[in-house]
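Observations on the model geometry
As a plain string of letters, each chain reads:
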Amino acid sequence: YFGSCQRAGIASPSAAMAPSWVPCVLSVLIGAWGPFRTLADAPAAKTLAEMLAKIESGEFANNFFDGEVIKKGPKNDEEAVAGCLLDKVGAIVDEGGVANFVNDLQVDLAACCTKG
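Below, the structure is looked at part by part. Position numbers for residues count from 1 along each chain, tracking the sequence in the order it is written. Only residues with pLDDT of 70 or above have their local features reported here, since the model is predicted, and side-chain atom pairs are shown and tallied only from 80 upward, although totals for entire chains, interfaces and linings are computed over all residues. Side-chain figures throughout are based on the complete set of non-hydrogen atoms in the structure, without hydrogens or water.

Details of the pattern of salt bridges
To keep things clear, this is the line we draw: One side-chain nitrogen of Lys or Arg within 4 Å of one carboxyl oxygen of Asp or Glu is enough to make a salt bridge.
Scanning the entire structure with this criterion turns up three salt bridges. Close ionic contact of Glu59 with Lys54 constitutes a salt bridge, the shortest N to O distance being 3.2 Å.

Observations concerning the nonpolar core
Soluble globular proteins tend to pack their nonpolar side chains together in the buried interior. The condition that has to hold: Throughout, nonpolar core names a set of buried Ala, Val, Leu, Ile, Met, Phe, Trp, Tyr and Cys residues whose side chains join them through atoms within 4.5 Å. Burial classification: accessible surface area is computed with a 1.4 Å probe over protein chains only, and a residue below 20% of its type maximum counts as buried, one above 50% as exposed, and the rest as partly exposed. A run of DSSP states H or I qualifies as a helix once it reaches four residues; a run of E qualifies as a strand once it reaches two. Both are numbered from the N-terminal end. In what follows, a contact means two residues having at least one pair of non-hydrogen atoms within 4.5 Å.
Core analysis: the largest hydrophobic core is formed by 13 residues, its most contacted members being Met51, Ile55, Phe60, Phe64 and Val107. Where this core is concerned, the elements lending two or more residues are helix H3 (48-57), helix H4 (77-95) and helix H5 (97-111). Excluding residues within four positions of it along the chain, Phe64 makes contact with Ala80, Val81, Cys84, Ala111, Cys112, Thr114 and Lys115.

Some points on the packing of H4 against H5
Selection rule: Lines fitted to C-alpha atoms define the axes, with helix axes restricted to the stretch in contact, and inter-axis angles between N-to-C directions lie between 0 and 180 degrees. Each angle gets one of four labels, with under 35 degrees taken as roughly parallel, over 145 as roughly antiparallel, 65 to 115 as roughly perpendicular, and the rest as oblique. By the definition used in this description, the sense in which the near helix is turned from the far one sets the handedness, with an anticlockwise turn below a right angle giving left-handed and a clockwise turn giving right-handed. Classification used: nonpolar for Ala, Val, Leu, Ile, Met, Phe, Trp, Tyr, Cys and Pro, charged for Asp, Glu, Lys and Arg, polar for all others including Gly.
Contact geometry of H4 with H5 gives a least axis separation of 9 Å together with a crossing angle of 165 degrees. Our classification of the angle between H4 and H5 gives roughly antiparallel. Here H4 runs over H5; the crossing is right-handed. On H5, the residues that touch Cys84, Leu85, Lys88, Ala91, Ile92 and Glu95 of H4 are Gly97, Val98, Asn100, Phe101, Leu105, Asp108 and Leu109. Across the contact of H4 with H5, the residue classes tally to eight nonpolar, two polar and three charged.

Topic: the state of the cysteines
Defined as follows: Pairs of cysteine sulfur atoms within 2.5 Å are identified as disulfides in what follows.
All chains considered together, the criterion is met by one disulfide. Between Cys84 and Cys112 runs a disulfide, and the two sulfur atoms are separated by 1.9 Å. Sign of the S-S torsion, about -80 degrees for the bond between Cys84 and Cys112, identifies this disulfide as left-handed. Within this pair, whereas Cys84 is found in helix H4, its partner Cys112 is found in the segment after H5, the two being separated by 28 residues in sequence. For Cys112, a relative accessible area of 0% puts it in the buried group. In this structure Cys113 is not part of a disulfide, and its nearest cysteine sulfur, from Cys112, lies 6.5 Å away. According to the relative accessible area criterion, Cys113 is partly exposed, its value standing at 40%.

Observations concerning the side chain of Lys88
Positionally, Lys88 belongs in helix H4. Given the relative accessible area of 5%, Lys88 is considered buried. With sequence-adjacent residues up to four places away left out, Lys88 is seen in contact with Phe65, Leu105, Asp108, Leu109 and Cys112.

Following this line, the structure appears as structure tokens:
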């Protein structure tokens, strides 16, 4: 990684810390993260119906999570589903879910439809 950074004219980490090589360090860290990407969900199905079938069959885990956003907890499945959906809205807005983990978001969103 550092060799390619030097070829690109970016100073090596052995040089004094300078903003010019920060992108190089970030690329190394991102590259090192690669082996951990297997922790993510397998590719989501193309449709909600297909995804629900895969969850029901056990091919995918049911990641249903009510988000713990309903005060005093959900009273029934409908409130649990509402909490689950609100949790996904939070993931989209607060965590950049569409840009950062859209596949996992799709899988988890489908899980919201397994109750009720």
